Amino acid sequence: MATDPRGLRRDAPLLDAWLRFQEQPPTPFTIPGHKQRRDLVGDVVAGDVPLYAGLDTMKLSAGVLAEAESRAARLWGADFCRFSTDGATHANQSVALAFGGDGGRVVVSRSLHRSMLLGLVIAGLEPVWVRPEVDPATGLPSGVRPDEVRRVLAENADVRAVFVGDPSYVGTVGDVQGLAAAAHEHDVPLVVDAAWAAHFGFHPDLPQHAIALGADVVVTSAHKTLPAWSQAALILARSGRIDLDRLDAAVEATATTSPAGAILASTDAARALLEREEGRALLGQAIGAVADARQHLQDVDGLLVLTGTHVDPLKLTVLLPGTGADGIAIERDLIDRGLPVESADRDVLIAVASLADTPASLGAYTEALVAAIDRHRGPAREVVDAGIYRVEPEMAMTPRRAYFAAAQPVSLHEAVGQVSAELVAPYPPGIPVLAPGERITTRSLATLEAAARAGVRIAYAADPSLRTLRVVRI
C-alpha cells in the first residue's frame with residue numbers, strides 16, 4: 001500500500017491523485033503498456049502512473065497539475081511555474097527557445113551546463129560570453145561579477161537576456177541580486193540556472209532563492225536537493241520582462257506528451273514539505289550536519305574545505321592536493337563503502353547533501369573520507385587550475401550553423417584552428433570546453449587532456465577517447 005508518512009496529500013494535489021490511484025487501481029485501457037502489472041517485468045514499474053488517465057482524466061478535467069504548479073509559484077513568489085519531468089535540461093532548453101525565433105544574442109556565462117548551450121542551438125541564439133571569477137587558491141569559480149555583466153551589456157546593446165548559473169556546481173554562490181540589478185539597468189531579464197538550489201530560501205541559514213533576489217526566470221532541479229524523483233525540475237518566472245505565454249509555449253514545445261505522474265507528484269510533495277515547518281527543520285538538521293562535517297574535515301592535515309558565506313551550506317567540496325592523495329583512489333574506497341560522491345577527480349571531491357541527510361549519514365561519510373585520505377596520502381602537490389572555468393571561446397560561427405553544418409572527424413593535431421561541430425565537456429560538471437561554432441585551440445585541447453588525466457570522463461564527444469574531433473567541413 002502506498003504511504004504518505006507526513007500527511008502531505010492534503011496540501012499536494014498531485015500527490016493526492018497519485019495515492020488515490022494506488023488505493024483504487026483501475027484496469028486501464030491506456031498507456032503505459034505494463035497496465036500496472038508487476039508480474040511481467042517486476043517492481044521496476046511500481047509507482048509508474050501517467051498524468052493523462054492516471055493522476056487526472058485524459059482531458060485533464062480535474063486540473064491537478066495546474067493547481068500544483070500554481071501552489072509552487074506562490075511558494076517561490078513567482079507569477080509562473082511549470083513542472084518538468086525531464087530535468088533542468090528540458091527546462092533550460094525551453095527557456096532558451098522562449099528567447100529565440102529569429103536569431104538574436106544573449107549574454108551567457110561560460111560556467112553554464114551544456115543543456116543551455118545546446119538550447120542556444122535549438123533557439124538559434126548567439127552567445128556573448130562572460131566568465132566567472134576564479135579563485136586562484138582553489139582554481140574554482142566564484143560567480144560572474146555584476147560589473148562584468150554591465151560592461152558586456154554596455155558594449156552589446158542588442159542582447160535579449162542575461163543567462164547565468166548560480167550556485168556553481170562546486171557550491172560557490174555569486175551575487176544574483178547584483179546581477180539582476182545589472183541586467184535590469186539595461187532593461188533585459190536575468191535568467192538563472194539554479195539547478196543546485198531548490199532548497200535556497202527555505203531556511204534562515206540558506207541564501208535567498210533567485211526569484212527573491214530579482215531574477216526574472218529561474219530553473220531549478222527538485223531532484224537534486226529535495227526528496228523528488230530523478231528528472232524532477234521547475235521553471236519559475238516573474239512577469240514584466242518575460243512573455244509568459246511565449247515561455248509556456250516553449251515549455252510545451254520541448255516537453256514529453258507522456259509525462260510521468262510519479263515525477264510530477266514527487267515534485268508537488270517536495271514543495272508541500274518545503275512549505276511546512278518540518279521541512280525547514282529537516283533542512284536545519286542537514287545544514288548542521290554539513291557544518292559539523294566541515295569542521296571535522298578542516299582538522300585533516302593538508303585538506304582544503306570549501307566553506308564560508310559564499311558557499312552552499314549543503315555542498316561539501318574538498319580539495320586534496322595538500323594531502324597528496326588521489327581523488328580517484330579515494331572515490332573507489334568510498335564506493336566500496338557504499339558512499340558514492342557526486343564528483344571526483346584527482347584534486348576535488350564533491351559530496352551533495354539534501355534535507356534527507358542526517359548527522360548519522362554525514363558522520364559516516366566524513367569518517368570514511370578521513371580514513372581514505374590517510375590510506376592514500378602522498379607528497380603534497382600544488383593546486384592545478386584545470387582551466388575549465390577559464391575557457392575563452394573564439395567564436396567562428398553561430399552554434400546553430402555549426403551544429404547543422406556538414407562535419408567530419410579529424411585527428412586531434414589536425415583539429416587545431418578548425419571549427420568545432422560538436423560540444424565536448426568534462427562530466428561532471430558538464431561545462432563545455434568546446435561548443436559548436438568555436439575555434440579549436442591548443443589551450444582548449446590542453447584543458448580537455450588535463451581533465452582526462454585527472455580522471456574525469458570526457459562526455460558528449462563523438463569520440464570520447466579524444467583521438468578525433470568532429471569539425472565543420474570547409
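Residues numbered from 1 in each chain as written. Predicted model: local features only at pLDDT ≥ 70, side-chain atom pairs only at ≥ 80, totals over all residues. Heavy atoms only, no water.

*Asks:* Please clarify how a nonpolar patch on the surface should be interpreted in this entry.
*Replies:* Residues Leu 40, Val 41 and Val 44 make up a contiguous nonpolar surface patch of about 320 Å² in total accessible area. One can find Val 41 in the loop between helix H1 (13-23) and helix H2 (51-55). (Patch = residues over 30% accessible without salt bridge, like charges linked within 9 Å, V, L, I, M, F, W, Y side chains within 5 Å. Areas by Shrake-Rupley, 256 points an atom, 1.4 Å probe, with all protein chains shown as cover. Salt bridge = Lys/Arg side-chain N within 4 Å of Asp/Glu carboxyl O. Helix = DSSP H or I, 4+ residues; strand = E, 2+ residues; numbered from the N terminus.)

*Asks:* Sorry, what's going on with the side chain of Asp 312 here?
*Replies:* One can find Asp 312 in the loop between strand E10 (304-305) and strand E11 (315-319). The residues touching Asp 312, leaving out its near neighbours within four places in the chain, are Gly 171, Val 173, Trp 196, His 199, Phe 200, Leu 206 and Arg 294. (Contact = heavy atoms within 4.5 Å.)

*Asks:* What is the right way to read unusual backbone geometry from this model?
*Replies:* The bulk of non-glycine residues show a negative phi, and the bulk of peptide bonds are trans. A cis amide bond links Ile 31 to the next residue, Pro 32, at an omega of 5 degrees. Assignment of secondary structure puts Pro 32 in the loop between H1 and H2. That bond from Asp 166 to Pro 167 is cis: its omega, 5 degrees, falls within 30 degrees of zero. Assignment of secondary structure puts Pro 167 in the loop between strand E6 (162-165) and helix H7 (176-185). The phi angle at Gln 36 is positive, at roughly 70 degrees, despite the residue not being glycine. Within the fold, Gln 36 resides in the loop between H1 and H2. Within the chain, Ala 53 stands out as a residue other than glycine whose phi angle is a positive 60 degrees. On the secondary structure map, Ala 53 appears in helix H2. Residue Ala 53 is classed as partly exposed on the basis of its relative accessible area, which comes to 26%. (Buried < 20%, exposed > 50% of the residue type's maximum accessible area, 1.4 Å probe, protein only.)

*Asks:* How should H1 be read in this particular structure?
*Replies:* Since the α-helix packs 3.6 residues into each turn, any two residues three or four apart lie on the same face. Counting buried positions along H1 yields eight of 11 residues, so the element is predominantly enclosed. Considered for burial, the residues of H1 that qualify are Pro 13, Leu 14, Leu 15, Ala 17, Trp 18, Leu 19, Phe 21 and Gln 22. Residues of H1 that are buried in the fold lie against H2, helix H3 (64-76), strand E1 (80-84) and helix H10 (261-275).

*Asks:* Help me understand the sheet that holds strand E8 (residues 217-221), please; the structure alone is not making it clear to me.
*Replies:* Two orientations exist for strands paired in a sheet by backbone hydrogen bonds: parallel and antiparallel. If you trace the seven strands from one edge of the open sheet to the other, you get E1-E9-E8-E7-E6-E2-E3, paired in mixed fashion. Only two strands of the sheet have a single partner each, and these edge strands are E1 and strand E3 (126-130). For this sheet, the mean inter-axis angle between neighbouring strands, taken without regard to orientation, is 20 degrees. Two strands pair when backbone bridges link them, and strand E7 (residues 190-193) and E8 are joined in this way by three bridges, in the parallel orientation. Looking at E8, one finds that Val 191 is bridged to Val 217. Lying on the sheet, H7 is in contact with E6 and E7; it crosses E7 at an angle near 150 degrees. Packing of helix H9 (residues 244-254) onto the sheet brings it into contact with E1 and strand E9 (233-237), and relative to E1 it is tilted by some 5 degrees. (Pairing = 2+ DSSP bridges. Axes fitted to C-alpha atoms, helices over the stretch in contact; angles between N-to-C directions.)

*Asks:* How do you make sense of the pattern of salt bridges when you look at a structure like this?
*Replies:* Where charged atoms of side chains with opposite charge meet at close range, the side chains can pair. Considering all chains together, one arrives at 29 salt bridges under this definition. Its salt-bridge partner being Arg 145, residue Asp 147 comes within 3.6 Å of it at the nearest N-O pair. The network of salt bridges with common partners includes Arg 6, Asp 11, Arg 276 and Glu 278.

*Asks:* It is not clear to me how the pairing of E8 should be interpreted in this structure. Could you clarify?
*Replies:* Two faces belong to every sheet, and in a regular strand the side chains alternate between them. Counting buried residues along E8, five of its five residues qualify, which places the element largely inside the surrounding structure. Neither face of E8 is exposed, since Val 217, Val 219 and Ser 221 on one face and Val 218 and Thr 220 on the opposite face are all buried. Across five bridges, E8 lies against E9 in antiparallel orientation. The partner of Val 217 across the bridge, within E9, is Ala 237.

*Asks:* What is the right way to look at the packing of aromatic side chains in this model?
*Replies:* For any two aromatic rings, the description comes down to two numbers: the centre-to-centre distance and the angle of the planes. This structure, assessed with the given rule, holds five aromatic pairs. On the basis of an interplanar angle of 65 degrees and a centroid distance of 5.6 Å, the ring pair of Phe 99 and Phe 163 is categorised as edge-to-face. Separated by 64 residues along the polypeptide, Phe 99 in helix H4 (residues 87-99) and Phe 163 in strand E6 bring together distant segments of the chain. Like Phe 99, the residue Phe 163 is buried in the burial classification. Here the aromatic rings of Tyr 427 and Tyr 460 are separated by 6.1 Å at their centres, their planes lie at 75 degrees, and the arrangement is edge-to-face. On the criterion of sequence distance, the pair formed by Tyr 427 in strand E15 (residues 425-427) and Tyr 460 in the loop between strand E16 (457-459) and strand E17 (468-472) is long-range, its members being 33 residues apart. (Phe/Tyr/Trp six-rings, centres within 6.5 Å; stacked < 30°, edge-to-face > 60°.)

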